[in-house]
Amino acid sequence: MKVPKHIAIIMDGNGRWAKAKGLPRTAGHKIGVEKVREIAIYANSIGVKCMTLYAFSTENWNRPEAEVNYLMSLPKIFFESYMKEIMKNNIRIMMIGDMDEIPDNARTVFKNAIEESKDNTGMILNFAVNYGGRREIVTAARKYAEDVKNGKINDIDEEGFKKYLYTSELPEVDLLIRTSYELRISNYLLYQLAYSEMVFTHTLWPDFKPSDLDLCIDEYNSRDRRFGGLNEEKTA
Ligand code: V0D
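Residues numbered from 1 in each chain as written. Predicted model: local features only at pLDDT ≥ 70, side-chain atom pairs only at ≥ 80, totals over all residues. Heavy atoms only, no water.

A. Spotlight on the site of the ligand. Around the ligand, the surrounding shell holds 20 residues, and the nearest of these are Asn 14, Ala 55, Pro 75, Ile 102 and Phe 110. A molecule is said to occupy a pocket when more than half its atoms come within 2 Å of that pocket's grid points, and by this definition the ligand occupies the largest pocket. In terms of residue count, helix 2 (residues 25-45) provides more of the shell around the ligand than any other element does, four residues in total. The residue inventory of the shell around the ligand, partitioned by class, reads 17 nonpolar, three polar and no charged. (Near = heavy atom within 4 Å. 1 Å grid on protein atoms, 1.4 Å probe; cavity = no way out; pocket = protein on both sides within 12 Å on 5 of 7 lines; lining within 4 Å. Sits in = over half its atoms within 2 Å of the grid points. Helix = DSSP H or I, 4+ residues; strand = E, 2+ residues; numbered from the N terminus. Nonpolar A, V, L, I, M, F, W, Y, C, P; charged D, E, K, R; others polar.)

Structure representation (structure tokens):
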């Protein structure tokens, strides 16, 4: 059994989960936060090197103001509740996305968690915050063009371009998981998902358990990753 080095997750279904129980959407997000803790600790324990979670997309600003405000309070809740455990488990916190537009208090708790855990050598728990894939690519292109214009670089190529993405220090994404069975990428890691296996589960994020992650990894292992080439045919 191969454990994927880098797993990306779209944690969908919090709202649907809450609605089914007659609860406000925020109740789903609250359980969703506890699931982040549980799944991160488990993934680290089985040897996953990096996990990138879609916490807040550039489109999420369009949600009702009360919900956006609640989402902005989640980093504080998450790190106040779990930072000790994250440190004990040697997990390193990172983030990708545009922190500029995020309220100061949320940004500060994040920065502190990143700083406190920067020497941890276990799994990288990477949060995509105010992230959008197209914006990431355009930002990278702008910086790349700037460096070419200034004579810092001559040639434009794929290897060079990668260095300008938020994920330049991270391993390739092996596996994308999206819960709640929405069959879309939704502007997530557009460039990075080029060769990733994708697993869509019916499970809603608040119901997602370590055993569900195991099932996703089993599915990943059952696939024949060709990268466009021709690996040896599987024998039945
Ligand atoms: C829980 C998905 C937004 C399910 C949505 C740190 C998991 C809700 C943020 C967030 C979480 C907001 C501002 C910011 C950084 C992150 C968030 C966490 C969990 C855990 F600066 N949603 N969200 N953060 N969930």
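B. Looking closely at the nonpolar core. Met 51, Leu 125 and Phe 127 are the most contacted members of the largest nonpolar core, which totals 42 residues. For Met 51, the contacting residues outside a window of four places in its chain are His 6, Ile 7, Ile 9, Ile 39, Ala 40, Ala 43, Met 123, Ile 124, Leu 125 and Asn 126. Grouped together as the second largest cluster of nonpolar side chains are eleven residues, Ala 8, Ile 96, Leu 176 and Leu 193 included. (Core = buried A, V, L, I, M, F, W, Y, C linked by side-chain atoms within 4.5 Å. Buried < 20%, exposed > 50% of the residue type's maximum accessible area, 1.4 Å probe, protein only. Contact = heavy atoms within 4.5 Å.)

C. Quick look at the sheet that holds strand 5 (residues 175-178). Spatial strand order, 3-4-2-1-5-6: six strands in an open sheet with parallel pairing. The strands lining the two open edges of the sheet, one partner per strand, are strand 3 (92-96) and strand 6 (197-200). The average angle at which neighbouring strand axes cross in this sheet is 20 degrees, direction not considered. When strand 1 (residues 6-10) meets strand 5, the two strands line up parallel, connected through four bridges. If you follow Ile 10 over to strand 5, its bridge partner there is Arg 178. The strands touched by helix 8 (residues 210-222) are strand 1, strand 5 and strand 6; relative to strand 5, the strand with the most contacts, the crossing angle is about 135 degrees. (Pairing = 2+ DSSP bridges. Axes fitted to C-alpha atoms, helices over the stretch in contact; angles between N-to-C directions.)

D. Layout of the layout of surface pockets. There is about 840 Å³ of room inside the largest pocket. Taken together, 37 residues make up the lining of the largest pocket; nearest its centre are Met 11, Asn 14, Tyr 54, Ala 55 and Asn 60. Mapped onto the lining of the largest pocket, the elements with two or more residues apiece are helix 1 (14-20), helix 2, strand 2 (50-57), helix 3 (65-72), helix 4 (74-88), helix 5 (104-116) and strand 4 (124-131). Of all the elements, helix 2 adds the most residues to the lining of the largest pocket, at five residues. Counted by class, the lining of the largest pocket contains 20 nonpolar, nine polar and eight charged residues. What lines the second largest pocket is a set of 16 residues, and nearest its centre among them are Lys 162, Leu 165, Glu 172, Tyr 191 and Gln 192. Examining the composition of the lining of the second largest pocket, we find that three residues originate from one element, helix 7 (residues 158-162), more than from any other. Of the residues in the lining of the second largest pocket, the class split is seven nonpolar, four polar and five charged. (Points joined across faces, edges and corners; volume = space filled by probe spheres on them.)

E. Fine view of empty space enclosed by the protein. Counted according to the given criterion, the structure contains one cavity of 30 Å³ or more. A volume near 30 Å³ is recorded for the largest cavity. Taken together, the elements giving at least two residues each to the lining of the largest cavity come down to helix 2 and helix 4. Here the lining of the largest cavity is composed, by residue class, of seven nonpolar, no polar and one charged.

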